[in-house]
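# Coordinates in review
Here is how the chains run, residue by residue.
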Amino acid sequence: MEKRKLGFWEIWNMSFGFLGIQFGFALQGGFMSRIFQTLGAEVDSIPGLWIAAPLTGLIVQPIIGYLSDNTWSPKFGRRKPFFLIGAILASITLFFMPHSPVLWMAAGLLWVLDSSINISMEPFRALVADKLPESQCSNGFIIQTLIIGIGTWIASNLPWLVTKMGVTNEAEAGVIPPSVVVAFSIGAFVFLTSILFTIFTTKEDPPADLEVFRTEKKESRFFPDLISSLKEMPSTMKKLGLIQFFSWFAFFTMWSLSTPALTEHVFNSPKPDVKEFAQLDSEGRELKDEAKKVIFLNEAKERDYKVKDKVYNDAADLVGSATGVYGLSSMAFALLLTFYTMKNKINRKYIHMLSLILGGLGFIFMLYATPSTLVYCFVLIGFSWGSILSMPYAMLSSAVNPKKMGMMMGLFNMFIVIPQIIAALGGINFLYKLIGEAHINAMILAGLSLIIAGLGNFLITDKNAISG
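Residues numbered from 1 in each chain as written. Predicted model: local features only at pLDDT ≥ 70, side-chain atom pairs only at ≥ 80, totals over all residues. Heavy atoms only, no water.

Counting secondary structure elements, the protein contains 19 helices and zero strands. Taken against the 2.2 N^0.38 rule, which gives 23 Å for 468 residues, the C-alpha radius of gyration of the protein at 22 Å falls within 12% of a compact globule. Its C-alpha atoms put the protein at 75 × 40 × 40 Å along the principal axes. Residue burial in the protein is summarised as follows: out of 468 residues, 59% are buried. Look at the contacts in the protein between residues 6 or more apart in sequence, and 82% of them connect residues 24 or more apart. As displayed, the protein has an accessible area near 19100 Å², and 67% of this comes from carbon and sulfur atoms. (Helix = DSSP H or I, 4+ residues; strand = E, 2+ residues; numbered from the N terminus. Rg over C-alpha atoms; globule rule 2.2 N^0.38 Å. Buried < 20%, exposed > 50% of the residue type's maximum accessible area, 1.4 Å probe, protein only. Contact = heavy atoms within 4.5 Å. Areas by Shrake-Rupley, 256 points an atom, 1.4 Å probe, with all protein chains shown as cover.)

Written as structure tokens, this is what we have:
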């Protein structure tokens, strides 16, 4: 049965929940490393603290994809139950995250947060392929990218904005600043309400033949279906997987190390090590009083620490604000493509290639950036981000079995999480130190990785995947 073409606002409503999902991702990506540093993490240990996030995605997304493929309720639909479960869990976690008193709790809550976001996210990808005809798939994923760009820009600027509104970004040593706490609370509210908006404004279509669907559901088993899906994986999906590998290695590097790298290199304001200012015990840990506050060597050292920490927090706010620009430029990228793809086909392959290479150059230019020019680096990175969130999925949707769209989208996620796992287990630290010891070299590594991903598009030869 031919699917009905949808209008702009119908596609917008069904994708609006991505605003909340991206609030979660942007706050996680922009400020988790800041939280880890505040709670005492060394810079080179930060990627390892992110390991739970991609590991969770590797496990959760194929399972959620399989379950949503085999779910149908006349009242609740197929994908929407998973949106709601993920949104509730993610919103609760976002609220409590910045209240973490110790490092291990923040790392554990990151695991819960990423699990919850994954539960919501991939069914959204599958929903576009469920509801839109092939001629509108590019347009659908691009509108999702437009909404993601809006969410990235606003969420990345939240700590800076609430600071400007009078909420302080200063706190005791080892305590997360109130501005970050307020930003995460706003993110929790936006996540839940935007998902609810999509749930209440979008009606899912039942399977074309309910009897066949119910029969297939009874015969379906997760592990046999997983194995058969792996065997059926088309060559285009494998080639896109290679491109995704280098793309997501680059962005994981940015999320985990951009704050320490850019506060040090661009703003010359690294996070002060409280151990240099505090009284230490025999094992080298800072001493704390009954109120759990750090005991400094003297009042002068305490003042010195607070001044340097204030400078760092101001710089971290500015890094977060600059990071948000990649959401703004990805939004502009998506907006232009939205208007164009409403009436015209595009060459997805060359758009993706050019966008990734531009993003790679943006990372490399960070080596020469100043506080006033850093924003232009993120403008270029935004082109690649906008393309990563739309072009691979549009190409993939043209190449896989629509009955297994959820499972295939979940499996495609392997090519997103595996590079992040490799990066977190030491890949970033090993590779960037081949360039040099300074943390800014991690951004150079990200740039080189994106350029390799861009050139990988020469591997895509399927005409149906390229044109859409």
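Between helix α11 (residues 235-265) and helix α13 (residues 348-365), the least distance of the axes is 12 Å, while the angle of their chain directions is 30 degrees. By the angle between their directions, the pair α11 and α13 is classed as roughly parallel. Like other packed secondary-structure pairs, α11 and α13 cross with a definite hand, here left-handed. Residues Ile243, Ser247, Ala250 and Met254 of α11 form the contact with α13, whose own contacting residues are His352, Leu356 and Phe363. Of the residues in the contact of α11 with α13, the class split is five nonpolar, two polar and no charged. (Axes fitted to C-alpha atoms, helices over the stretch in contact; angles between N-to-C directions. Parallel < 35°, antiparallel > 145°, perpendicular 65-115°, else oblique. Left-handed = near helix turned anticlockwise from the far one by under 90°. Nonpolar A, V, L, I, M, F, W, Y, C, P; charged D, E, K, R; others polar.)

As a further point, take the confidence of the model for the protein. When pLDDT is averaged along the protein, the result is 84, and 94% of the positions lie at 70 or above. Here helix α9 (residues 210-219) is the element of the protein with the lowest mean pLDDT, 68, and helix α18 (residues 441-455) is the one with the highest, 96. (pLDDT = per-residue confidence, 0-100.)

Right, let's get into a nonpolar patch on the surface. Among the surface-exposed residues, Leu84, Ile88, Ile92, Phe95 and Phe96 lie close enough to one another that they form a single nonpolar patch of about 440 Å² accessible area. Of note, Ile88 is situated in helix α5 (residues 80-96). (Patch = residues over 30% accessible without salt bridge, like charges linked within 9 Å, V, L, I, M, F, W, Y side chains within 5 Å. Salt bridge = Lys/Arg side-chain N within 4 Å of Asp/Glu carboxyl O.)

Turning next to the side chain of Ser247. Assignment of secondary structure puts Ser247 in helix α11. Relative accessible area serves as the criterion here: at 0%, Ser247 is assigned to the buried category. Side-chain polar atoms of Ser247 contact the backbone oxygen of Ile243, separated by 2.8 Å. If sequence neighbours within four positions are ignored, Ser247 has contacts with Leu356, Ile388, Leu450 and Ala453. (Polar contact = N/O pair within 3.5 Å; in protein donor to acceptor, adjacent residues only side chain to side chain.)

Attention shifts here to the pattern of salt bridges. Note that side chains of opposite charge can pair when their charged atoms are close. Per the counting criterion, the structure on display carries eight salt bridges. Taking the shortest distance from any N to any O, the salt bridge between Asp44 and Lys433 comes out at 2.7 Å. Linking Asp44 in the loop between α2 (17-38) and α3 (46-49) with Lys433 in helix α17 (residues 414-435), this pair joins segments that are 389 residues apart in sequence. Owing to a relative accessible area of 30%, Asp44 belongs among the partly exposed residues under this scheme. Residue classification places Lys433 among the partly exposed positions, given a relative accessible area of 31%. The partner of Asp314 in a salt bridge is Lys310, with the nearest N and O atoms 3.2 Å apart. With a gap of four residues between them, Asp314 and Lys310 both fall in helix α12 (residues 299-341), about one helical turn apart.

Moving on, we get to the side chain of Ser115. Residue position: Ser115 is located in helix α6 (residues 103-131). Not counting residues within four places of it along the chain, the set of residues in contact with Ser115 comprises Thr56 and Val60.

In this model α11 runs 42 Å from its N-terminal to its C-terminal C-alpha over 31 residues, within 8% of the 45 Å that 1.5 Å per residue would give. Of all the bends in α11, the greatest reaches close to 65 degrees and is centred on Leu257; the proline Pro260 follows between one and four positions later. Most of α11 sits inside the fold, with 23 of its 31 residues counted as buried. (Expected span 1.5 Å × (residues − 1). Bend = angle between axes of the 7 residues up to and from the residue.)

Moving on, we get to helix α14 (residues 374-388). The periodicity of an α-helix, 3.6 residues per turn, causes residues three or four positions apart to be oriented the same way. The end-to-end C-alpha separation of α14 is 21 Å, in line with the 21 Å expected for 15 residues at 1.5 Å each. Most of α14 sits out of view: eleven of its 15 residues are buried. Considered for burial, the residues of α14 that qualify are Leu374, Cys377, Phe378, Leu380, Ile381, Gly382, Ser384, Trp385, Gly386, Ser387 and Ile388.

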